[in-house]
Structures are given as C-alpha cells and as structure tokens.
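# A closer look at the structure
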Amino acid sequence: MPKRFYTTTAIYYVNSAPHIGSAQEAVIADVVARFQRMLRGDAYFLTGTDENATKVFEAAQASGKDPHRFVDEVAGEFKRVFDAMHLSYDDFIRTTEDRHISVVQEVFRRLQESGYIYKGEYEGWYDVRTETFYKESELVDGKSPEGNDVRWVKEENYFFKLSAFQDKILAHIEANPEFILPEVRKNEVVSFINQGLRDACITRASTGWGIPVPGDESQVIYVWFDALINYISAIGWPDGNWQEFWPADMQLVGKDILVRFHATLWPAMLMGLRLPLPKTLVGHGWTLMGQEKISKSTGNVVAPLDLAQTLVDRNACDLDLAVDAVRYYMMRIAPYESDSTFTFDDFDLKFNTELVNDISNGIHRVISMTHSFCEGVIPNGRIDRNVADQVQAIANGFEDAMARYRVDEASAKIPAIASVLNQLIDTEKPWELKKNADPRLDDVMVTLAYIVRAIEGLLRPIAPVLADRICGLLNLPPTERWEQIGALDALPANHAIQKPTPLLVRLEKQQKEQHKMDTKLQPSEDVISIEDFMKVKLQIARVLDAHKVEGADKLLRLELIVGEERRQVLAGIAQQYSPEDVIGRQVVLVANLAPRKLRGFESQGMILAADAEDGGAILLMPDKEAPEGTSVH
Ligand code: ME8
C-alpha cells in the first residue's frame, strides 16, 4: 500500500465551543486535504479534541458537571460544528478514548525503558491557561510570558530528556528546509532551541483527571506529552497499519504551540521512539479581533455557524452556502507570517465584492446569456487560447501555493479568475455579437462556460457546496481531478445547462442610511414626500429574453431577472427596439406595480423609458452594470 497523504490539526481544548479562530485552522487543513484528494486522489485528515488538561477539568468543575459528561458534550459540539462547516475529516480523535490512553502509556513505557524518562523533583511555575511550565527567569512581572497567572509547583515528577535532542533537532531543521514553514517560524524555533533545551517535566501529581503514569498511579501524564501522541495513536501505532500514514505530510498548528511543543518536544519524542519526523510543520499566525487574539479566555468569540447564520438572516443565501462563504473568507484572511484581523465590515465587503459581484453575478450572466442567446446550450465553439492560457496559469498558481500549504495565496486566485470571466463579458459584449449575428458568438459563449467550469474546480477545495451548486447550473458532474481544471475538453459539446438562478444575493447595508429631507419644502400638489417616492420599488433588472407580441405592434414581451426572481413585463417599445436590441441589457424595473393583463399576458411590473419627441420610447439603462436586484433611488 503506498503511503497516504496525512494531514493533522492541533487537537482542541474542550473548555468551550469552537470559535472562528480555532475553526479557521481546521478549515485550512480541510482545504489542504480536499486539494490533495483532487491532486493525487488521496488524503487522510485527522482532527480531534484535547480533553485531559487541567483547564478542561476546571471548566467542568466550574460548570458543575461531571467532567466525563462535560467533555462528551463539548467534544460533541466540536464535531457538530465541524460537520456543519463541511470539514471532511477522516478521523476525530479524543484523548479520553481508550485507543489513545493505551498508546500514551506505551510511549511512556518505551521511552522509560530506553532511558529517556527519569524520576526527579520539579520545582517551578505552572501556567494553567497554556498548560506550560516556566522557570523563574522566564516570568515577566510575576506572570507567564503570555501574561497569565502562574502557580508554584513542587512535585516529585518524571522528566523527559529533551536536552539530549537539542543538536539533533537543530540538525534536522538545517537539513530539511521544508520542515518548518513559513520561514519566520523556523527562525523563531531555531532561536528558542539555541537558548538551550532543558529536560521537560512530563507528569503531574494526580488530581483524578488525566492519563495515569504506567506503574505509578499517583501521577498523571502531562497534558502536552499526552496530547502530541494523538497524531500516532489515531493511526494505529504501534500495532496497526500506521506506516500507511506516518510520517505525516503536514501538521498544522498555531504559532503559540509550535515553538515549545510541536517543533521541539514532539520531534524529540519521535526521535526517542525512533520514528521519522513529520515532513512539514506549518505554524500559522492568529486571527485577531481588534488588537486581541480571538480566544475563549478573552471572550471576544464569534462562533463560525453564528457568522454563517447572519448571511441567512440577511437573505443572502441558505445555510450551506453561507458556511462556504465563511470558509472562503477564512481562507482569504488565513494568517501565516503575520496575524490577520477579522471585522464584520470586511466580511460583508468580501462577500459582496468577491463572492456576489465577481463570482455569483459573473456566473449568472453567463448562464442567463447562454439561455438568451444559445437556447440554453453551451455551443460547439472554439475556446479562446489566450483565455485558456490565463486560466491555466491561475490554476498552476493555485497549485504552487498549495504545495507550500498557503491557502491565503491559493484563495486569492478566485477573484483573479472571476476577473478574467467578467472582463471577457465586458469586452466581448455577447449581446452585441448576438444583435449583429456575429459568428464569433459561439466561441465567446463556450469560452465563458469554460471559465465557469474552471471556477467550479478551483472553488471546490475551499467551498465545496458552492462548487456543487455551480455544477448544478452547468448540469455537469463535479470536477474530481485537479488536472481537469482548465482542460480544453472540460465541457461536453452542445451541452444543455440549467436555468439561471443566482447563487448568492448581495448584502444590504446593516443600517439603512437616513435619507435627509429638505424641511423647507412644503407639500403641494406637484410635490410628493420622500416617503411617497420610496414606496415605488425601483430595481435593476436584466432582459433575459424578448419576443414580439402577436397583433400588438408596439409591445415587446420581456423576460427579466431581478434579484432571484424572474418577471414577465410587457413594454410599449417595439417600434424603437427589436428583441435583439434589448436581450442581455440591463433596465430599470418598477418592481412593486400591481400586475395587469395585456393581450392575454400578465405584465408583472413596468420598465422605465423616457418619452421621445416623436412619441416613441427611450429606454433607461444603467450607466454601468449593477447586480440584478440593485435598488434604484
Ligand atoms: O493549544 N487564530 O488547543 P487550543 C488562529 N490543545 N488560530 C487559533 C486562534 C486564533 N484566534 N485561537 C486558537 C491547544 N487557534 C492544544 C493543542 S495539539 C497536540 C494540542 C489555534 O484549543 C491554536 O493556535 O487552545 C491551536 O493551533 C488550535 O487553535 C487549538 O488551540
């Protein structure tokens, strides 16, 4: 069996439910796993919960619950949120499971037998919040370097000979430039190790919570020593088929837990067990809110599903798409070298500009025009080679970024490809090609559909449901293999697609701007109040299709799309405009006019036109494209 691509996240303390900072890490790993499955047909993704910590026990006590029940509930909540966030994990390990406990004890035994664990007396400070031991000299104003309160601990403990591995770890870092990414993190690790690694205290006096030291029930194993082992206990070390997975290809953790734990203690433990080290440790930055790290202890927590729900409440989309929008946003701001900042305004902005305007509206225009101009069938034209080169370069850039596990760079390729799509629409103006019966129309339309297909492929690791919905519109199965993205044969010839339905709807401003009234203006017969005017609902609509009405030489029957809705409107413009003149164009619709019947057709609104001198009509069209449904005032 060939070795599988194996990726992990940190395991999460179950002292409270996940927030957008911790969930962001799990989503990054999920994007990596989904991408690898497309690229090489396989990936194994492990996540889970860290349950034996003192702070977890204390959180259980504070909630007045039995600790076992408490960890079951919180771990269940993590799983529920992770499932709802479309995380495709293959295994979820909990450190209170027997399969983990027995392996931790086995690791302890083996390292003790080989002389790496010895008994001694520990005297020093302990920070419960980060579950870390500190020397007196490391304290800052009587607190831990993180600014937390510390407790004095004096205990008979077991120690792990971490100091014995200092040179070996440094040599490994030196010889393997991809061992710690990004580069800045490697430097942090090297300077920490260069200060000297001292042996690590790896047990605590038992308070009845934690994994007992084998052969010494008075002690429990230090939570970090226990937790790191999850990465091998979950894959069946030492008796199962762990060699199919180990060494892990990518272990993703925050910068807070890289230096002291994943890049020092963990490699030393593996070396002591004579196991290979993971290929790459990625130490990401933090997501902040204002100046502070989003964290349960600071209380500035936004739950990822609550954030998704706000999109549903604001009528932007359903919950599954909303979750994908949150995933997309998390990837766009994924922190690597530096920290990134979450704001609700930036979330709204990226949703409206990138996901709605660029992606959803761009795709909607292509699907609508395919129906208006090509009878709903992607024509058998020639894909523009120049455009194909651009699309393939974008897909290659995505792949390069993912080879370095940079989902931030990879996700920036989504607005890039959307801009190729929208620029092509704007420069080629398919509605004019149609109007002029230009034979290039088929080539342009197939090229547009080709870009939509590539967008679907690129979005798939990041926003799998959104990608599925695009497939639904294209009436095509999902892109499964990475190499299919941008392939010239990615679209079957003469392929019928589904009717246009917008994927996502723009978010309106949270608080409507106050419209100022000129108080001097007195109502008179000619004057209406702003409130009266505001009763008229004017919206941008696009003409999807237009037909002459038999027996009425002034009327055109227009099929419009406005927001998510389709409308039929009869307009007295047939003497000035032919159907080809208006198909694909945007107009202004009076959307809340009572419907009425004209020549046997229901007219569901009115489109605005100026009265020409000759009594004809001059259609009002927006100066530039705006998303369908945009309000007009
Ligand atoms: O440290 N931004 O668990 P944890 C980005 N149990 N990442 C964040 C974040 C934020 N605002 N807040 C948390 C632990 N994280 C241990 C790990 S592994 C053997 C044991 C990340 O629940 C954090 O950096 O405090 C870490 O990688 C992960 O969430 C779990 O944090």
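The rules behind each value
- Residues numbered from 1 in each chain as written.
- Predicted model: local features only at pLDDT ≥ 70, side-chain atom pairs only at ≥ 80, totals over all residues.
- Heavy atoms only, no water.
- Helix = DSSP H or I, 4+ residues; strand = E, 2+ residues; numbered from the N terminus.
- Near = heavy atom within 4 Å.
- Polar contact = N/O pair within 3.5 Å; in protein donor to acceptor, adjacent residues only side chain to side chain.
- Areas by Shrake-Rupley, 256 points an atom, 1.4 Å probe, with all protein chains shown as cover.
- Pairing = 2+ DSSP bridges.
- Buried < 20%, exposed > 50% of the residue type's maximum accessible area, 1.4 Å probe, protein only.
- Salt bridge = Lys/Arg side-chain N within 4 Å of Asp/Glu carboxyl O.
- Phe/Tyr/Trp six-rings, centres within 6.5 Å; stacked < 30°, edge-to-face > 60°.
- Core = buried A, V, L, I, M, F, W, Y, C linked by side-chain atoms within 4.5 Å.
- Contact = heavy atoms within 4.5 Å.

### A closer look at unusual backbone geometry
The omega torsion across Leu181 and Pro182 is -15°, close enough to zero to call that bond cis. Here the amide bond leading from Trp246 into Pro247 is cis, since omega sits at 5°, within 30 degrees of zero. With respect to the element layout, Pro247 can be found in the loop between helix 8 (230-233) and strand 13 (250-254). Look at His86: it is not a glycine, yet its phi comes out positive at around 60°.

### Points about the site of the ligand
As a matter of local geometry, the ligand sits amid 26 residues, with Ile11, Glu25, Asp50, Gly254 and Asp256 nearest to it. With respect to the ligand, the side chain of Glu25 contributes an N or O atom lying 2.5 Å from an oxygen atom. The separation between a nitrogen atom of the ligand and a polar main-chain atom of Thr287 is 2.9 Å. Considered on its own, the ligand offers 660 Å² of accessible surface; in the complex 96% of this is hidden by protein. Going through the elements one at a time, strand 2 (12-13), helix 1 (20-40), helix 7 (223-228), helix 8 and strand 13 are the ones with two or more residues in the shell around the ligand.

### As for the sheet that holds strand 11 (residues 212-213)
With respect to topology, three strands assemble into an open sheet ordered 10-12-11, the strand pairing being antiparallel. In this open sheet, the two edge strands, each paired with only one partner strand, are strand 10 (203-205) and strand 11. Taken together, the two bridges between strand 11 and strand 12 (residues 216-221) define a ladder with antiparallel strand orientation. Opposite Val213, over in strand 12, you have Asp216 as the bridge partner.

### Details of the pairing of strand 13
Counting buried positions along strand 13 gives five out of five residues, so the element sits mostly inside the fold. Side chains Met250, Leu252 and Gly254 project from strand 13 onto one buried face, and the interleaved Gln251 and Val253 project onto a second face that is buried too.

### Some words on the pattern of salt bridges
Side chains that differ in sign of charge can pair as their charged atoms come close. Under the definition given, this model contains 45 salt bridges. Note that Arg99 and Glu97 form a salt bridge whose closest N and O atoms lie 3.4 Å from each other. Given a relative accessible area of 31%, Arg99 falls into the partly exposed group. The partner of Glu456 in a salt bridge is Arg453, and the shortest N-O contact between them spans 2.7 Å. On the criterion of helical spacing, the pair formed by Glu456 and Arg453 is a turn pair, its members being three residues apart in helix 17 (residues 441-459). We classify Arg453 as buried; its relative accessible area is 10%. Among the charged side chains, a network of salt bridges with common partners joins Arg365, Asp426, Arg542, Glu625 and Glu628.

### Comments concerning the packing of aromatic side chains
Within this structure, the stated rule accounts for 31 aromatic pairs. An angle of 65° between the planes, with centres 6.4 Å apart, marks the rings of Phe82 and Phe92 as edge-to-face. One end of the pair, Phe82, is in helix 3 (residues 67-84); the other, Phe92, is in strand 4 (residues 91-94), and ten residues separate them in sequence. Phe92 matches Phe82 in its accessibility class, with the two residues each being buried. Residues Phe108 and Tyr158 carry aromatic rings whose centres are separated by 5.5 Å and whose planes lie at 80° to one another, so their mutual orientation is edge-to-face.

### Here's the deal with the nonpolar core
Residues Phe160, Phe225, Trp246, Ile451 and Ile607 are the most contacted members of the largest nonpolar core, which totals 212 residues. Here this core takes 13 residues from helix 17, the largest share from any one element. Apart from residues lying up to four places away in sequence, Trp246 is in contact with Lys3, Tyr6, Tyr231, Ile232, Ile235, Gln251, Trp266, Leu270, Leu275, Pro276 and Pro278. Among the nonpolar cores identified, the runner-up in size contains five residues, and Leu538, Ile540, Val588 and Ala626 belong to it.

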